[in-house]
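# A structural walkthrough
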Amino acid sequence: MPRPRHRTAVVQVLLLTLALTACGGGSGSGDTAVTLDWYNFPDDSGALQQAADSCGRASGGRYSIRYNKLPRTADGQRQQLVRRLAAHDAGVDIMGLDVTWAPEFAEAGWVREWTGAAKEQAGADTLAAALKTATWKDRLYAVPYNSNTQLLWYRDDLVPAPPRTWAEMLTAAGELAKAGKPHFVEVQGAQYEGLTVWFNTLVTSAGGSVLTPDATAPSLGPPAVTAAGVIRDLARSPAADPSLANQMEDQNRLAMESGTAAFELNYPFVYPAMKADRPELFPHFRWAPYPAVLPDRPARVTIGGIDLAVGAYGRHPELAQEATLCLRNRDNQLTNALKGGLPPSLRSLYTAAELTDSYPFAADVLAALDSASVRPQTPAYQNVSIAISHALSPPSAVEPERTVSALDGQLKDALGSKGLIP
């Protein structure tokens, strides 16, 4: 039966009153502080949680930041973010992107572009190579949170002077092997992103690139053949760790700490780890620039790190942008470097006493970042990376010309979304 009109009106007013009451809360003005959800890599040091808490306090109660830990592997992190963003999840306010993801996320419309004053603030004092990783088609889609690069780590009780080239390093390792001394060269040889990074560094160090500047076709050629030759030469020499084909960064660290290796190509996190885990070896644990592929051309090491992006579907984009700039400010980057072992993306920190006291290799890291190479920038990067690591695995099976020729075809398929991913 039809309801009387006045009863319907009363019910509507009551419902509206209840809704307004539910939306209220808090104290003073009645406004509730916004909670921004930040998705980033899992951090055991506490640096990320500290940054989230300090930025919430600095906002004067306008927002708080909830730090949500993504899976530990880069593939797992990307998978979770892609699923959320593909579903237009409004709960993704800020996210940590691997330095290879900006083109893919920008093309999909999942992240907001940085413009105007916020873009200028994001670029101030920021390393050029780091900014490039967050840029797609000349537009900025993320803000560098931390950077990263590899150095050559070695034991000076075995090698008084560090090798300047890969050829010198393999020769030194061979001589150590003949003398029955620790001699392995630890590097990332497993079939994963680390192998792609190694190859990209070798190719760019030889004067080439994996893709053309517009990222529409392979650009391998002689530099890629030279790079593949370095991988083969190591894998078939006494310098190769027997576990090379299964080794990632942490396995390299552990092998160096075990005392079986003389050299290690790795990120700065190995320095505090050696200090804590093997104090008797630590006095002999030294660093040097990444070895060159060609004697007359310095290495161009592939840059790493995390960029922070603002989700396209979040309800508070302006606050999320403001919070992002806070999360990667000077104080928080310094804490992240000292507690988390991650090099900053702000240039001025590399000469700050607070950092150099704990990072005696800061100048070498900065030099590597200033000449760094960037991994191929393309929305199809995941397929490109898989093709590279598949073609070069296991390293001992690499035949430079044949391997590069096969890789050329696989990259064409990856860029054209053709065929099956290996």
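Note: the structure precedes this text.
### Some words on the packing of helix α8 (residues 193-205) against helix α9 (residues 221-235)
Here α8 crosses α9 at 125°, and the two axes come no closer than 8 Å. Relative to α9, the element α8 is oriented oblique. Judged by the sense of rotation from one axis to the other, the crossing of α8 with α9 is right-handed. Residues W198, F199, L202 and V203 of α8 lie in contact with α9, whose contacting residues are P223, A224, A227, A228, V230, I231 and L234. A per-class count over the contact of α8 with α9 returns eleven nonpolar, no polar and no charged.

### Brief notes about the state of the cysteines
The full count for this structure, using the stated rule, is one disulfide. Covalent S-S linkage joins C55 and C326, the inter-sulfur distance amounting to 2.1 Å. Between C55 and C326, the S-S torsion sits near -100°, and that sign places the bridge as left-handed. Residue C55 is located in helix α2 (residues 47-58), and its partner C326 is located in helix α12 (residues 317-327); the two are separated by 271 residues in the primary sequence.

### Thoughts on the side chain of N336
Examined against the element boundaries, N336 turns out to sit in helix α13 (residues 330-340). When neighbours within four sequence positions are excluded, N336 is seen to be in contact with A47, L48, Y145, N146, G341 and L342.

### What about the nonpolar core?
By size, the foremost hydrophobic cluster in this structure holds 50 residues, and its most contacted members are W166, W198, F199 and F263. Secondary-structure elements contributing two or more residues to this core are β7 (151-155), α7 (166-178), α8, α9, β9 (261-266), α16 (381-391) and α17 (400-415). Ignoring sequence-local partners within four residues, the contact set of W198 consists of W166, V187, Q188, G189, I231, L234 and Y290. W38, Y39, L70 and A134 belong to the second-largest nonpolar core, a separate cluster that totals 46 residues.

### Points about the environment of Y63
Note on placement: Y63 falls in strand β2 (residues 63-69). Taking the C-alpha atoms as reference, Y63 lies 26 Å from G305; in sequence the two are 242 residues apart.

### A word on helix α10 (residues 249-258)
Those residues of α10 lying buried are N252, R253, A255, M256 and E257. Along its buried surface, α10 packs onto β7, β8 (184-186), β9, α11 (270-277) and β10 (285-288). Looking one or two residues past α10, G259 carries a phi angle of roughly 95°, positive in sign.

### Let's talk about the sheet that holds strand β11 (residues 304-310)
One open sheet holds the five strands; their spatial order is β2-β1-β3-β11-β6, and the pairing between them is mixed. The open sheet has two free edges, formed respectively by β2 and β6 (143-148), since each of these has just one partner strand. Strand-to-strand twist across the sheet, computed as the mean angle between neighbouring axes with direction ignored, equals 20°. Pairing of β6 with β11 involves five bridges; the strand directions are antiparallel. In the strand pairing of β11, N146 is matched with I306. Packing against the sheet, helix α3 (residues 74-86) makes contact with β1 (34-40) and β3 (94-98), and its axis sits at approximately 135° to β3.

### Focus: unusual backbone geometry
Phi is mostly negative for residues that are not glycine, and the peptide bonds are mostly trans. Each neighbour pair has its own omega, and for S393 with P394 the value is -5°, a cis peptide bond. For D125, which is not glycine, the phi torsion reads 70° and is therefore positive. One can find D125 in the loop between α5 (116-123) and α6 (128-133). At A215, a position not held by glycine, the phi torsion is positive, near 60°. Note on placement: A215 falls in the loop between α8 and α9.

### A word on the sheet that holds β7
What the four strands build is an open sheet, ordered β8-β9-β7-β10; its pairing is mixed. With partners counted over all chains shown, the strands left at the sheet margins are β8 and β10, one partner each. Averaged over all pairs of adjacent strands, the angle between strand axes in this sheet comes to 20°, irrespective of strand direction. Sheet topology places β7 next to β9; four bridges connect them, and they run antiparallel. Across the sheet, residue L152 finds its bridge partner in β9, namely L265. Lying on the sheet, α10 is in contact with β7, β8, β9 and β10; it crosses β9 at an angle near 155°.

### Quick look at α12
For α12, the tally of buried residues reaches eight of eleven residues, placing the bulk of the element in the interior. Within the span of α12, buried status applies to P317, L319, A320, A323, T324, L325, C326 and L327.

### Notes on the packing of aromatic side chains
In the structure shown here, the tally under the stated rule is 15 aromatic pairs. Taken together, a centroid distance of 5.3 Å and an interplanar angle of 85° make the contact between F105 and W110 edge-to-face. You can call F105 buried: its relative accessible area is 0%. On the basis of relative accessible area, W110 is assigned to the buried category, the value being 12%. Considering the side-chain rings of Y359 and F361, the 5.0 Å spacing of their centres and the 40° angle between planes classify their relative orientation as tilted. What makes Y359 buried here is its relative accessible area of 6%.

About the cut-offs
- Residues numbered from 1 in each chain as written.
- Predicted model: local features only at pLDDT ≥ 70, side-chain atom pairs only at ≥ 80, totals over all residues.
- Heavy atoms only, no water.
- Axes fitted to C-alpha atoms, helices over the stretch in contact; angles between N-to-C directions.
- Helix = DSSP H or I, 4+ residues; strand = E, 2+ residues; numbered from the N terminus.
- Parallel < 35°, antiparallel > 145°, perpendicular 65-115°, else oblique.
- Left-handed = near helix turned anticlockwise from the far one by under 90°.
- Contact = heavy atoms within 4.5 Å.
- Nonpolar A, V, L, I, M, F, W, Y, C, P; charged D, E, K, R; others polar.
- Disulfide = S-S within 2.5 Å.
- Core = buried A, V, L, I, M, F, W, Y, C linked by side-chain atoms within 4.5 Å.
- Buried < 20%, exposed > 50% of the residue type's maximum accessible area, 1.4 Å probe, protein only.
- Pairing = 2+ DSSP bridges.
- Phe/Tyr/Trp six-rings, centres within 6.5 Å; stacked < 30°, edge-to-face > 60°.

Any functional reading would require information beyond the geometric quantities listed.
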